[in-house]
Amino acid sequence: VFGRAAAVKKGKFAGAAVLFSWIALWILPFSAMAMDLSVDPADRIYDYAGLFGETERSALAEQADALAEKYQMDYAVVTIDDDEGLSSVDYAQDFYDYNAFAPDGLLLLINMDYRELVICGTGRGEYIYNESQIDRMLDGSTKALRTGTFMPLPRAFLRKRTGLRPARRNPPFRGICGGCRFS
């Protein structure tokens, strides 16, 4: 009897494992398919919502390149006008995770579908801004965003930080992923 009970429990565990595998294989990949998965991480500025002109996009790319070189991590600015049913945080995290970005980096998402802003970090990118810095950056940009001026936030996001030290010397802050609405 003891052996049979163990076999039944083992069978229930195997069934749960099969169910989890099915979910992982068939449902989770569709959340990642909602966005462009063929981006070049070297581009750094992904303006799918068409918020920036060519001159603005080039200026932002230069700022992002300088920071990426200095701190040895990726910086990305993404604008969208359709979040494909994902939350802004999920979209930002999936965009970073499912493309070939470095393990350390920061991403700014401007979601015009829900008029939300999100800043997310991974690896050492989690330690670049603390929550109060993110809040100040987002709060300072929402007024401009309401009037249709989109450059202040990416500029603030990509501004060189004099208090930061290059690669691996930043003081540990809590990990980040913060956002707000600007409707």
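About the criteria used
By convention here, each chain's residues receive numbers from 1 onward along its written sequence. Whole-chain, interface and lining totals are the exception, using all residues; otherwise, since this is a predicted model, local features are given only for residues with pLDDT of at least 70 and side-chain atom pairs are given and counted only at 80 or more. Excluded from the side-chain calculations are hydrogens and water; all other atoms, namely the structure's heavy atoms, are used. Aromatic pairs are defined between Phe, Tyr and Trp rings, using the six-membered ring for Trp, whenever the two ring centres lie within 6.5 Å; interplanar angles under 30 degrees are classed as stacked, those over 60 as edge-to-face, and all others as tilted. By the criteria applied, helices consist of DSSP H or I runs no shorter than four residues and strands consist of E runs no shorter than two, each listed in order from the N terminus. Relative accessibility under 20% of the residue-type maximum defines a buried residue, over 50% an exposed one, and the middle range a partly exposed one, all with a 1.4 Å probe and only protein chains included. What pLDDT expresses is the predictor's confidence in each residue, scored from 0 to 100. Any two residues having at least one pair of non-hydrogen atoms within 4.5 Å are treated as being in contact. Here, nonpolar core means buried Ala, Val, Leu, Ile, Met, Phe, Trp, Tyr and Cys residues that are tied together by side-chain atoms lying within 4.5 Å of each other. Candidate patch residues must exceed 30% relative accessible area and have no salt bridge, after which like charges are joined if within 9 Å and Val, Leu, Ile, Met, Phe, Trp or Tyr side chains if within 5 Å. Computed with the Shrake-Rupley method and a 1.4 Å probe, the accessible areas treat only the protein chains shown as cover for residues. Salt bridge, as applied in this entry: a Lys or Arg side-chain nitrogen positioned within 4 Å of an Asp or Glu carboxyl oxygen. Under this rule, positive means Lys or Arg and negative means Asp or Glu; His and the chain ends count for nothing. A charge is said to be at NZ when it belongs to Lys, at CZ for Arg, at CG for Asp and at CD for Glu. The definition of a polar contact used here is a pair of N or O atoms within 3.5 Å, where within protein one atom must be able to donate a hydrogen and the other to accept one, and adjacent residues in sequence count solely through side-chain atom pairs.

Turning next to the packing of aromatic side chains. For the structure shown, the criterion picks out seven aromatic pairs. When the ring of Tyr48 is compared with that of Phe95, the centres are 6.3 Å apart and the planes differ by 65°; the resulting orientation is edge-to-face. Here Tyr48, found in the loop between β1 (45-47) and α3 (54-71), pairs with Phe95, found in helix α4 (residues 88-97); they are 47 residues apart in sequence, far enough to count as distant. On the basis of relative accessibility, which here comes to 0%, the residue Phe95 falls in the buried class. A network of ring pairs unites the aromatic residues Tyr46, Tyr48, Tyr91, Phe95, Tyr96 and Phe101 as a single cluster.

Take the confidence of the model for the protein next. Per-residue pLDDT for the protein averages 74, and the proportion of residues at 70 or more is 67%. Confidence drops under pLDDT 50 across residues 1-10; counting only partners more than four residues distant or on other chains, this segment forms zero contacts.

Time to look at unusual backbone geometry. For Gln72, which is not glycine, the phi torsion reads 55° and is therefore positive. According to the relative accessible area criterion, Gln72 is exposed, its value standing at 52%. Even without being a glycine, Arg115 presents a positive backbone phi close to 55°. On the secondary structure map, Arg115 appears in the loop between β3 (105-111) and β4 (116-122). Overall, Arg115 belongs to the partly exposed group, its relative accessible area being 26%.

Okay, the nonpolar core next. One finds Phe52, Tyr75 and Phe157 to be the most contacted residues of the largest nonpolar core, which totals 30 residues. The set of elements that each furnish at least two residues to this core consists of α3, β2 (74-80), β3, β4, α5 (131-146) and α6 (152-157). The greatest single-element share of this core, amounting to six residues, is contributed by α3. Grouped together as the second largest cluster of nonpolar side chains are 15 residues, Ala76, Val78, Leu86 and Cys120 included.

This part is about a negative patch on the surface. A cluster of acidic side chains, namely Asp81, Asp82, Glu84 and Asp113, defines a negative patch on the protein surface. Positionally, Asp82 belongs in the loop between β2 and α4.

Turning next to the environment of Met137. As for its placement among the helices and strands, Met137 is situated in helix α5. Each C-alpha atom of the pair Met137 and Ile119 lies 9.8 Å from the other, and the pair is 18 residues apart in sequence.

Within the secondary structure layout, Arg44 lies in the loop between α2 (28-32) and β1. Arg44 sits in the buried class, given a relative accessible area of 12%. Looking at Arg44, its side chain comes within polar contact range of the side chain of Asp74, at 3.0 Å. Excluding residues that lie within four positions of it along the chain, Arg44 makes contacts with Ala64, Asp65, Ala68, Asp74, Tyr75, Ala76 and Val77.

With that settled, consider the pattern of salt bridges. For the coordinates displayed, the defined rule picks out five salt bridges. For Asp47, the salt bridge identified is with Arg57, shortest N-O distance 3.0 Å. A residue pair is termed long-range when its members are at least 10 positions apart, and Asp47 in strand β1 and Arg57 in helix α3 qualify at ten residues. On the basis of relative accessible area, Asp47 is assigned to the buried category, the value being 15%. Residue classification places Arg57 among the partly exposed residues on the basis of a relative accessible area of 24%. Each of Arg44, Asp65 and Asp74 takes part in a single network of salt bridges with overlapping partners.

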